[in-house]
Amino acid sequence: AAVVAMLSLDFLDDVRRMNKRDRPPSSPQLYYQVLNFGMIVSSALMIWKGLMVVTGSESPIVVVLSGSMEPAFHRGDLLFLTNRIEDPIRVGEIVVFRIEGREIPIVHRVLKIHEKQNGDIKFLTKGDNNAVDDRGLYKQGQHWLEKKDVVGRARGFVPYIGIVTILMNDYPKFKYAVLFLLGLFVLVHRE
Amino acid sequence: LRKNVEDFTGPRERSDLGFVTFDITADILNRKNGLQSFRNKITLIIFDWNVKQLFLYLSAEYSTKNNALNQVVLWDKIMLRGDNPRLSLKDMKSKYFFFDDGNGLKGNRNITLTLSWNVVPNAGILPLVTGSGHVSVPFPDTYETTKSY
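Not measured: the values here are computed from a predicted model.

Chemist: With reference to specific residues and values, describe the overall build of chain A.
Modeler: When helices and strands are tallied, chain A shows four helices and seven strands. From first element to last, N terminus to C terminus, chain A shows the α and β order α-α-β-β-β-β-β-β-β-α-α. For chain A, restricting intrachain contacts to residue pairs at least 6 apart in sequence, the fraction spanning at least 24 positions comes to 56%. By element, 63% of the accessible surface of chain A is carried by carbon and sulfur atoms, the whole surface being about 11,300 Å².

In structure tokens:
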């Protein structure tokens, strides 16, 4: 969402600069600044929510956090997901899933599926760069994943870009610096 | 693409375990080489400037009493741009255990083996392609008791 916010910031700033409206000086200017900032934030939110609806996934863009899918994906790569119910889960697909009770999503490949007539499916995953399948990662007593554990299927990717979010997670000072700079940028730009 | 298979099954606990050996011959083309002639069911894969690697996998697909659709990956391989594009693997054993969810392998006449691949670009869409041409493998009605694997 931060990435989308940064992108919409640039876009909306250019649009606003093109409207050469005469702005009255001093106090109403602060009012406009606040309004503009609010519009940028809500636009970013709208784009993110729109993406969630279109892709059917609660997290349509994820960052790869581990090296378990190398050499295809490395830490910091950005993945674009869809999670449409009509798309059946099949072997070979790259799925992003969550293990019950754990927050961090995992990006691995489907190794085995067993699907019943009514559509109930259980499947096993494995990271390309791992020697064994993911059974050891699942919950105690859990042998298979189900549709409800899936966040989405990887349909496209862009390398490196997600490194910023990883840095922000690992180094909180960096996160505050980025947010501070972002805030500064918005304020300075208005003048 | 040619696959020859021999097979026998062995039971473990309560699920059927299948053993399959196979050969794979594939010609994977580089765009610079130009077109080559097709032979029976040879599939064409192209490495171009935006392809970082191919993730190849051989999967077995079949139906059982328990489950309408089963798919099991038997073998996979990562082929990076620049690797030798000629695949000639003979008498390979499956890399992963071919367990069924139940006893659906015994006497199952219709197990289809297909070769597929995931194209991983430098950036962009991740397509999954299935090779045309597949081999049907029947499993025998009895279990093997000797474990010669």
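Having seen it, we continue.
Chemist: Outline the domain arrangement of chain A, listing residues and values.
Modeler: You can read the domains of chain A as domain 1 (25–55), domain 2 (61–159) and domain 3 (161–190). Distance between the C-alpha centres of domain 1 of chain A and domain 3 of chain A: 18 Å.

Chemist: How would you sum up the interface of chain B and chain A? Please name residues and give values.
Modeler: Many analyses report the size of an interface as the accessible area lost when the parts associate. Opposite the 30 residues of chain B that make contact, chain A presents 27 residues. Carbon and sulfur atoms supply 56% of the area buried between chain B and chain A, which totals about 2,300 Å² over both sides. Area buried by chain B at its contact with chain A is led by B:Leu69, B:Gln71 and B:Leu126, which between them contribute 25% of it. Here chain B is connected to chain A by zero salt bridges. For the pair chain B and chain A, the interface holds 14 residue pairs in polar contact (both at pLDDT 80 or more). For the side of chain B that touches chain A, the element with the highest residue contribution is strand β6 (residues 69–80) of chain B, accounting for seven residues. Its residues placed into classes, the side of chain B that touches chain A shows 18 nonpolar, nine polar and three charged. Here two bridges tie strand β7 (residues 150–158) of chain A to strand β10 (residues 124–125) of chain B, and the two strands are oriented antiparallel to one another. Each residue of the ladder has a partner; that of A:Gly156, found in β10(B), is B:Ile125.

Chemist: Go over the UniProt feature "domain: Peptidase S24/S26A/S26B/S26C" (unreviewed entry) in chain A with me, naming the residues and quoting the values.
Modeler: UniProt's feature table lists "domain: Peptidase S24/S26A/S26B/S26C" (unreviewed entry) at residues 48–139 of chain A, given in the numbering used throughout. Between the C-alpha atoms that bound residues 48–139 of chain A there is a distance of 31 Å. The span itself is 9% helix and 30% strand.

Chemist: Explain a nonpolar patch on the surface to me, using residue names and the numbers behind them.
Modeler: Residues and elements named next belong to chain A. A contiguous nonpolar patch, built from Ile163, Val164, Leu167, Tyr171 and Phe174 and spanning about 410 Å² of accessible area, is present on the exposed surface. Here the element with the most residues in the nonpolar patch is helix α3 (residues 163–170); it accounts for three residues. Relative to the helices and strands, Phe174 is located in helix α4 (residues 172–190).

Chemist: Outline the packing of aromatic side chains, supporting the account with residue identities and numerical values.
Modeler: Aromatic rings in a pair are described by how distant their centres are and how their planes are angled relative to each other. On inspection of all chains with the given rule, the structure shows four aromatic pairs over all chains. Ring geometry for B:Phe55 versus B:Tyr57: centroids 6.2 Å apart, planes at 45°, classification tilted. Each member of the pair, B:Phe55 as well as B:Tyr57, carries the same accessibility label: buried. The lysine or arginine in question, A:Arg109, covers the ring of B:Phe55, its NZ or CZ lying 3.6 Å from the ring centre.

Chemist: Residue-level account of unusual backbone geometry, with values.
Modeler: All names here are of chain A. Cis rather than trans, the peptide bond between Glu70 and Pro71 has omega equal to -5°. By the element assignment, Pro71 lies in the loop between β1 (61–63) and β2 (78–82). We note that Tyr160 has phi near 65°; this positive angle belongs to a residue other than glycine. Within the secondary structure, Tyr160 sits in the loop between β7 and α3. For Tyr160, a relative accessible area of 66% puts it in the exposed group.

Chemist: Could you give me a rundown of the pattern of salt bridges, with the residues and numbers involved?
Modeler: All names here are of chain A. Under the definition given, this model contains eight salt bridges over all chains. Between Lys148 and Glu100 there is a salt bridge, with the nearest N and O atoms lying 3.3 Å from each other. Here Lys148 is found in the loop between β6 (145–146) and β7, whereas its partner Glu100 is found in the loop between β3 (94–97) and β4 (106–115), with 48 residues between them in sequence. The class for Lys148 is exposed, based on a relative accessible area of 58%. Here the salt bridges do not stand alone but share partners, grouping Glu100, Lys139, Lys148 and Asp149 into one network.

Chemist: How would you summarise empty space enclosed by the protein if you had to cite specific residues and measurements?
Modeler: Counted according to the given criterion, the structure contains two cavities of 30 Å³ or more. When its volume is computed, the largest cavity comes out at roughly 60 Å³. What lines the largest cavity is A:Arg109, A:Val110, A:Leu111, A:Lys126, A:Asp128, B:Phe55, B:Tyr57, B:Val73, B:Asp76 and B:Tyr96. Of all the secondary-structure elements, those providing two or more residues to the lining of the largest cavity are β4 of chain A together with β5 (51–62) and β6 of chain B. When its residues are assigned to classes, the lining of the largest cavity shows six nonpolar, no polar and four charged.

Calculation criteria
Residues numbered from 1 in each chain as written. Chains lettered and ligands numbered in written order. Predicted model: local features only at pLDDT ≥ 70, side-chain atom pairs only at ≥ 80, totals over all residues. Heavy atoms only, no water. Helix = DSSP H or I, 4+ residues; strand = E, 2+ residues; numbered from the N terminus. Contact = heavy atoms within 4.5 Å. Areas by Shrake-Rupley, 256 points an atom, 1.4 Å probe, with all protein chains shown as cover. Domains from an automatic or database assignment. Buried area = accessible area lost by both parts, 1.4 Å probe. Salt bridge = Lys/Arg side-chain N within 4 Å of Asp/Glu carboxyl O. Polar contact = N/O pair within 3.5 Å; in protein donor to acceptor, adjacent residues only side chain to side chain. Nonpolar A, V, L, I, M, F, W, Y, C, P; charged D, E, K, R; others polar. Pairing = 2+ DSSP bridges. UniProt positions renumbered as here; feature names shortened; annotations may be inferred. Patch = residues over 30% accessible without salt bridge, like charges linked within 9 Å, V, L, I, M, F, W, Y side chains within 5 Å. Phe/Tyr/Trp six-rings, centres within 6.5 Å; stacked < 30°, edge-to-face > 60°. Buried < 20%, exposed > 50% of the residue type's maximum accessible area, 1.4 Å probe, protein only. Lys NZ or Arg CZ within 6 Å of the ring centre and 35° of its normal. 1 Å grid on protein atoms, 1.4 Å probe; cavity = no way out; pocket = protein on both sides within 12 Å on 5 of 7 lines; lining within 4 Å. Points joined across faces, edges and corners; volume = space filled by probe spheres on them.

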